[in-house]
Amino acid sequence: MSKIDVCNFCENNSSPTKRLVKEIESKIKDNTFKKKNFVWLELTGCSGNIISLLNGTNPDFEYLITQMVNWVYDNSLMVEQGEEAIEKLINVMDTDFILAVEGAVSTENNGLYNIIGRWKGEPLTALDTIKMLGEKASHVIAVGDCASYGGPSAATPNPSLSVGVPEILNRKVINLTGCPSHPDWFLGTLAHILLYGEPKLDEQNRPLLFYGTLLHDICTRRSYFDRGIFAEKLGDKTCMFKLGCRGPVTRIDCSKRQWNAYINWPIGCNTPCIGCAQFGFPDKMEPFISYDTTREE
Amino acid sequence: MGEKIKINPVTRISGFMEIEVTVENNEIVDAKTKGFLFRGVEKILLNRNPFDVVYFTERICGICSTAHSMASTLALEDALNITPSQQGKMLRDIAHGCEFLQNHIRHFYQYVIPDYVKIPEANTTYSIQHYDYRLPDKLNEEIVANYFKSLELSRKAHEMLAVFGGKAPHTHGIFIGGITAQPTSDKIIKLKSLLQEIYEFVSNVMVNDVYTISEYYSDYFEIGGGYGNLLSYGCFSDYDNVNLSYVNPSVYIDNKFLDFNSDMITENIEYSWYVSDESTYEPFETIPEANMDKTKAYSWVKASRYKGFPCEVGPLARQWLNGEYRKGISVMNRIIARVLETKRIAEIIFTLLDNIVPNIDVQQKYDIPNKTQGAGLIDTTRGALGHWLKIDEKTISFYQIITPTVWNFSTRDEKDQLGVAEKALIGTKVQDAENPVEIGRIIRSFDPCISCGTHVYTPNEKLRDIRIV
C-alpha cells in the first residue's frame, strides 16, 4: 500500500486513526518526524561507560548513532565546545528525547564540585543539569554504578557528596549497574525502549533480561564450588570463592555474555568477580582480593 | 585590558575542563587551565585493603584505567619488595601496550580529527562546523571514512586487553607479579592476529592521515610550543633477555639532559584550593587539606614540578627524549608523535609476544606487611604517572597520585611559573575571537584527562538559577 493509499484508507476509517495519520503527515511536512533525540550526559565519574559503549559490537556505535537514535550530546565525542555545546542541551529539552547518564551527581556545595559547562556565562553544575533534563526526558537510563546509586564516586568518605541519579529525580530511572556497564546492557535496554517500550525491571529498576540471574548460578566454575575445590591465589583455574569472589551475591550475566566482543570475563582471567554490578560496590564488596581462606560470609 | 574568553566545556577530552584566556590585539596574553570535577580519590583510598587499590584506582579514569592498575601494582611491588619475573613483566607490558593502542587511536580519530576534518552532519553530534577546515573534499572524505573505520580498531585493541585482563575498561588481569592469566598458544595467536589488523591500519592509514593533516595545517608546527622541558618515567624498557628499550627514565630541562631522580618531584599548592604546612612538598610527605578561602587559587589541580620546573609529559616528550622524533615541540609535533608512537607500540607488542614462554603461571600468594611504603612510577599513554602509598596495620594509610594531566595542566606555582599547557597557549594568535579554534587544538594536542587530573572548586561564584522557557 502506498502512502496515498494508506491515507485514503484512513479517510474512510475511525477518526482517531485519521488524526494520527494526519499528525504524522504534518510532522513529515514540518520535517519533525525523525529518530528520537538522545542525550548522553557524563557527570561525576570516570567517563568509562562511554568508552565501554564504544566497545559495543553489532550494534556498534556507528549503527547506534545512524540507525537507532539522533545522538545530540556527549562531552567525549561531540564536535562543538563551549556554550554552543550547552545550547544543544538547552534546545533538546523541548523535544522528545531519551536521557542516558553516566557518573554520579555531586551535591557538595550546591553541586559546584562538578561543573559540566557554562551557559550565559554561569557555571552549569552536574546537579543543575540532571534536574533540568531529567524531568523532561521520556526515559532516563542510569548507565553504570555511579549514576545508579553513587558507585565508586560516592565511596566512603564520599568527599564530593555524590549520589545516584534516582536520588535526585522524582521519576522512574532505569538502572544499569556495572563498572563499567556492558555495552549490550545499555544497547539492549535502549532497543527495548525503542521497539517495545520499557523492559521488565527488577525491584531495583534493572532490566531482568540482564540482571535476572545470580552470577554464581551460571558461573563456568560452579562445579568446582559444588565439589569444594577452591583457588588459593589469583591465576588458579578453580572456584574463586575463598579469594573473595562476589559471584554469590551479584545478579548479572557476565559468565554467559562475556566482554569485549564476547571473548573473556574477569573469572576467565583467573581473578574473582568483585561484584561491580551489584548495589553497594565498591564499599560493600570489599575486600576485592583476600588470601584469607577462612573469609566470613 | 584584553578580552576574556572562557571555553567550557572543552569537549572531546576525558572529563571536564574550562579554559580561560585573555586576548589582546588578537594574541593570547594570559591563560588558565581549570578542571571541573572533584571526587577526592586519594582520600577515598584510605583504610582500604592494599590489594584492592589495583582495581580501585582504575576507576579514576575510563579511558586510561590500565595505567592506574600499572602504577598501583608497581607501588605495591615496591612496598612488598617483590620483583616480578621477566615473563610477568613482559606480559604486563603487553596488556599495558594494548591500552596505548586503544587510547591513541581513539584520541587521534574521535578527539583530534574533528578539529581539522569536517565530519558530515549525518548525525547531530557532528553538526557544528567552524570556519577553518582546509582539506580538499576528497581527502576530507577519506579521513571521515577512517574516523568510522577506526572505531573497529580501537575496539579490537580493548579486545586484546581483555584476552589477558578479562574485560576492558577496568581490566582485572594486571596484578602483583605480572598478570593473572596464563599465556597459552590460543591466546598468543589471538593477540597476534588482532595486533596484525591494528598494525596494518595504523601504519597504512593513521600515519598517512596525520601527515595529510600536518601538510594542510603546517602553521601548527609553530603553535603551542610551551617550555620545552620534558620528562618521562620510562616504559617498555629494562628487559633482561630481550633487545628492546623504548624509553628510559629521562629529563630534559633548559636544553640539558639531567639524570632522573624521583626525589626531585614536588607538588605546589600556591594556586590550588588546598592548605598544608608547606605549600611545596614531596609526594610521600603530605596530602593537603581542602580549603576554599584562598582568593588567588583558581583550581584544585596542583602544580607538579621537577627540580622546580614545569615539565611536559606524553608521547612527544618520550619520543624526543629517546631520540626517535625531534622535529620540534608544538601542536602538530605532539599529534604526529602520538601517531608514530602507536605504530611503535604495536611493534613492541609483536616483539614481546615473540618472547613469551607459554603456559607459565606467574602468580603467587602475597602477604601484606604490617607497615611499609612504596612508589610506582611509569610512563603511561598520556605521560608520567606516579602512585605513592603507605601501609599501616595492613591497610592503606596514605595514597598520593600525580597523573600526566597534572604535569601538563598544572596551575601556576609559588614562583608564578605557568603550567605547561597555559604556557603553550601564551603568544598564540587568535584569528577570530568569536570562534577561537586555535585554543581547542592546542589543548587537545596534550590529550588531557580531567577524570585523572583534577579536583577543581569554584569559590564565591554564586549560581544563578537557569530558567529556560
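The structure presented is a predicted model; accordingly, all values stated were derived computationally and were not measured.

Looking at the overall build of chain A
Thought 1: Within chain A, the regular secondary structure consists of 12 helices and nine strands.
Thought 2: Buried residues in chain A amount to 61% of all 297 residues.
Thought 3: Partitioning the intrachain contacts of chain A with sequence separation of at least 6 by distance along the chain shows that 72% fall at a separation of at least 24.
Thought 4: Summing over all exposed atoms, chain A offers an accessible surface of approximately 11500 Å²; the carbon and sulfur share of this is 50%.

Looking at the nonpolar core
Thought 1: Leu64(A), Trp71(A), Phe186(A) and Tyr116(B) are the most contacted members of the largest nonpolar core, which totals 180 residues.
Thought 2: Ignoring any residue separated from it by four or fewer positions in sequence, one finds Phe186(A) in contact with Phe38(A), Trp40(A), Leu53(A), Leu64(A), Ala100(A), Ile141(A), Val143(A) and Leu176(A).
Thought 3: If you look at the next biggest cluster of nonpolar residues, it comprises 38 residues, including Val72(A), Leu89(A), Phe16(B) and Leu37(B).

What to know about unusual backbone geometry
Among all residues save glycine, negative phi is the norm, and among peptide bonds the norm is trans.
Thought 1: In the segment running from Glu286(A) into Pro287(A), the intervening peptide bond is cis, with an omega of -5°.
Thought 2: Secondary-structure assignment places Pro287(A) in the segment after α12 (254-257).
Thought 3: Here the bond from Asn8(B) into Pro9(B) is cis, since omega is 5°, no more than 30 degrees from zero.
Thought 4: One non-glycine residue, Asn270(A), adopts positive backbone phi at about 65°.
Thought 5: Taking relative accessible area as the criterion, Asn270(A) reaches 1% and is therefore assigned buried.

With respect to the packing of helix α5 (residues 137-165) of chain B against helix α6 (residues 185-216) of chain B
Residue and element names in this part refer to chain B.
Thought 1: At a closest axis distance of 9 Å, the pairing of α5 and α6 adopts a crossing angle of 150°. Comparing the axis directions of α5 and α6 gives the class roughly antiparallel. For α5 against α6, the interelement crossing comes out left-handed.
Thought 2: Each residue belonging to the contact of α5 with α6 can be placed in one class, and the counts come to 15 nonpolar, three polar and eight charged.

Examining the interface of chain A and chain B
Quite often, the size of an interface is put as the accessible area lost when its parts meet.
Thought 1: Across the boundary between the two partners, chain A contributes 92 residues, which contact 83 residues of chain B.
Thought 2: Carbon and sulfur atoms make up 58% of the surface buried where chain A meets chain B, a total of about 7500 Å² over both sides.
Thought 3: Linking chain A to chain B there are five salt bridges.
Thought 4: One salt bridge connects Asp60(A) with Arg155(B), and the closest N-O pair in it is separated by 3.8 Å.
Thought 5: Among the secondary structure elements, those contributing two or more residues to the side of chain A that touches chain B are α3 (48-54), α4 (61-68), β2 (70-73), α5 (82-92), β5 (115-119), β6 (122-125) and α6 (126-134) of chain A.
Thought 6: The element contributing the most residues to the side of chain A that touches chain B is α5(A), with seven residues.

Focus on the side chain of Thr11(B)
Thought 1: Position of Thr11(B) relative to the elements: it lies in the loop between β1 (3-7) and β2 (17-24).
Thought 2: Its relative accessible area of 0% is what places Thr11(B) among the buried residues.
Thought 3: Among the polar contacts listed, one links the side chain of Thr11(B) to the backbone oxygen of Glu80(A), at a separation of 2.4 Å.
Thought 4: Contact partners of Thr11(B), with chain neighbours within four places excluded, come to Asn75(A), Met78(A), Val79(A), Glu80(A), Gln81(A), Ala85(A) and Arg444(B).

Observations regarding the state of the cysteines
Residues and elements named next belong to chain A.
Thought 1: Within this structure, the stated rule accounts for zero disulfides over all chains.
Thought 2: No disulfide involves Cys219; its nearest neighbouring cysteine sulfur is the one of Cys245, lying 6.4 Å away.
Thought 3: What makes Cys219 buried here is its relative accessible area of 16%.

Details of the side chain of Thr380(B)
Thought 1: Relative to the assigned elements, Thr380(B) resides in strand β14 (residues 371-380).
Thought 2: In this view, Thr380(B) contacts Ala67(B), His96(B), Phe100(B), Arg318(B), Leu385(B) and Pro404(B); residues no more than four positions away in its chain are not counted.

Some thoughts on the sheet that holds strand β8 (residues 256-258) of chain B
Residues and elements named next belong to chain B.
Thought 1: As summarised here, the arrangement of the three strands in space is β6-β7-β8, forming an open sheet in which the pairing is antiparallel. The strands lining the two open edges of the sheet, one partner per strand, are β6 (230-232) and β8. Neighbour to neighbour, the strand axes of the sheet diverge by 20° on average, direction disregarded.
Thought 2: Taken together, the three bridges between strand β7 (residues 250-253) and β8 define a ladder with antiparallel strand orientation. Within β8, the residue paired with Ile253 across the bridge is Lys256.

About the cut-offs
- Residues numbered from 1 in each chain as written.
- Chains lettered and ligands numbered in written order.
- Predicted model: local features only at pLDDT ≥ 70, side-chain atom pairs only at ≥ 80, totals over all residues.
- Heavy atoms only, no water.
- Helix = DSSP H or I, 4+ residues; strand = E, 2+ residues; numbered from the N terminus.
- Buried < 20%, exposed > 50% of the residue type's maximum accessible area, 1.4 Å probe, protein only.
- Contact = heavy atoms within 4.5 Å.
- Areas by Shrake-Rupley, 256 points an atom, 1.4 Å probe, with all protein chains shown as cover.
- Core = buried A, V, L, I, M, F, W, Y, C linked by side-chain atoms within 4.5 Å.
- Axes fitted to C-alpha atoms, helices over the stretch in contact; angles between N-to-C directions.
- Parallel < 35°, antiparallel > 145°, perpendicular 65-115°, else oblique.
- Left-handed = near helix turned anticlockwise from the far one by under 90°.
- Nonpolar A, V, L, I, M, F, W, Y, C, P; charged D, E, K, R; others polar.
- Buried area = accessible area lost by both parts, 1.4 Å probe.
- Salt bridge = Lys/Arg side-chain N within 4 Å of Asp/Glu carboxyl O.
- Polar contact = N/O pair within 3.5 Å; in protein donor to acceptor, adjacent residues only side chain to side chain.
- Disulfide = S-S within 2.5 Å.
- Pairing = 2+ DSSP bridges.

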